[in-house]
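# Tertiary structure, described
What follows is the residue order along each chain.
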Amino acid sequence: MAEPPAGAGSGAAELPLRARLSFAAGHFLNDLCASLWFTYLLLYLHAVLGYGHRLAGALLLAGQVADGLCTPLLGYEADRSAGCGRCGRRKSWHLAGTTCVLVSFPFIFNPCLGCKENTPQWAAFIYYLPFIVIFQFGWAATQISHLSLIPELVTSDHGKVELTAFRYAFTVMANITVYGLAWLLLNFQVDQSDRTEHLGIQDVPIFRNLSLIVVGLGAVFSLIFHLGTKEKPYPPGSLPQLEESTPLLQKEPVSPPRPLLIWKDWLLEPAFYQVAVLYMSTRLIVNLSQTYIAMYLTNSLLLPKKYIATIPLVMYISGFLSSFLMKPLNKWIGRNLTYFVGILVILAFASWVTLARQMGAEIYGAAVLLGAGSATILVTSLSMTADLIGTNTHSGAFVYGAMSFTDKMANGLAVMVIQNLHPCPTELCCPACISFYHWVMVLVTGGIAIAAIASLCCIMVWPIRVRYHAVCLQGLSRAGTRYGGTESTEGTIQSSTVN
């Protein structure tokens, strides 16, 4: 058998299935916690604990702001750090983030310790805030380190799509696990003598047990990730070293050496902002629909509380099945059209919700559309981010951190705006809730989908690639060739890297 070409060993075909599965398991704890956070936090604080709309929204906003601020800073530090012990720089941050999530998350879905019925709500806010900040710091560290491993483990376009699809498949499995457990816990509770069809203080044990189970399962999968994923040693801020057998002068040089892109270089790239807007729009659709679907089911459609588990479960089963179509669909019609197909499915869901004020069993069909569309646009947007990074994996964590920053800040602000627009003056939902959450679901899917289409059109007109830095490199390469070849070019590279 012929020797594979240099660099082919990092392609997806050379990455064993066990390694791909171990990698995908590394974000399972984050996905479990994110599912609880986005789907049930507002519902838990408002319908179960009885806190007001603004307090519930303020806690979620505080978490999103903490995550948004931590993410780019962690991305910058993750690119600079050298790792801890035997762990590489990505896995070291992953381990630190996992520890923070494990010790903080159970407190968020438990009642305030020491609080009584007459305890003011601002005291509860102060109680929950530190746990939320620690959780969001850990969540951001785990997410950025895990995403940054994708372009380091594989180099081919389809390999990145495949790893991203594996990662999203585990995301969907995590959501299916959460909603399946919620359905079981709700059914066990419903079988009791004091069963009610609507959420209340009696449901506190359900969310407490659910959070504890989630943390236990996530810890096991994080251990699998650290045991099964091998991160290649790569000192930050330096180019890969040549081996002794590598000739200094190549007979047929394909392209001149490229200096490293640092974080300041990314800020000059138009494609960086194109992808950021598209990723932000995608996350707004996915996260806001996940946050308000439970409110829509219980307050607009007036369905029993078991639907807050079964409908999201159907959404993510359809998303799980759709994730396996990403690789062949990308090969057949390309990234942009794949994303456009997903947006069309989201618009179909929004149109269905707009026209159908009352839904019974047909809500399951709408859930299938939302799940499939969300899976398609999320996987494709993450693949576009990996395309933007390309071979510049040394600063990949900063790029993912910046993308996540826009996502978290936009989500937190959007939730706070929606909560402040709530028509009911008291904690209990009034008749105006029926139309309020109905139009919230329409706007967070269909309205943002239109903005995503506009962003996609910009990418189709100006494709994703490094432009400004490439022009600078051409000038440097020509100058190096004119003034003496290899040594001059090498000096130019060192100079540009330092600057």
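Because the structure is a prediction, the values reported are computed rather than measured.

Right, let's talk about the environment of Leu43 for a bit. As for its position among the elements, Leu43 is in helix α2 (residues 28–48). With a relative accessible area of 3%, Leu43 lands in the buried category. Note: C-alpha distance between Leu43 and Met295 (252 residues apart in sequence) is 7.0 Å. Apart from the residues within four sequence positions on either side, Leu43 is in contact with Val48, Leu199, Ala294, Met295, Thr298 and Ile308.

Below, the discussion takes up the confidence of the model for the chain. With 77% of its residues at a pLDDT of 70 or more, the chain has an overall mean of 78. Mean pLDDT values over the elements of the chain span from 36, in helix α17 (residues 486–498), up to 92, in helix α8 (residues 204–228). Segment residues 236–257: pLDDT under 50, and 15 contacts once partners within four positions in sequence are set aside and those in other chains are kept. Contacts from residues 471–499, a stretch scored under 50 in pLDDT, to residues over four places away or in other chains number 20 contacts.

What the rule picks out here adds up to one disulfide. Between the sulfur atoms of Cys112 and its disulfide partner Cys115 the distance amounts to 2.0 Å. Handedness here is read from the sign of the S-S torsion; for Cys112 and Cys115, about 45°, the answer is right-handed. Overall, Cys115 belongs to the partly exposed group, its relative accessible area being 27%. No disulfide involves Cys70; its sulfur sits 9.6 Å from the nearest other cysteine sulfur, which is in Cys100. In this structure Cys70 comes out as buried when scored by relative accessible area, which is 18%.

Conventions adopted
- Residues numbered from 1 in each chain as written.
- Predicted model: local features only at pLDDT ≥ 70, side-chain atom pairs only at ≥ 80, totals over all residues.
- Heavy atoms only, no water.
- Helix = DSSP H or I, 4+ residues; strand = E, 2+ residues; numbered from the N terminus.
- Buried < 20%, exposed > 50% of the residue type's maximum accessible area, 1.4 Å probe, protein only.
- Contact = heavy atoms within 4.5 Å.
- pLDDT = per-residue confidence, 0-100.
- Disulfide = S-S within 2.5 Å.

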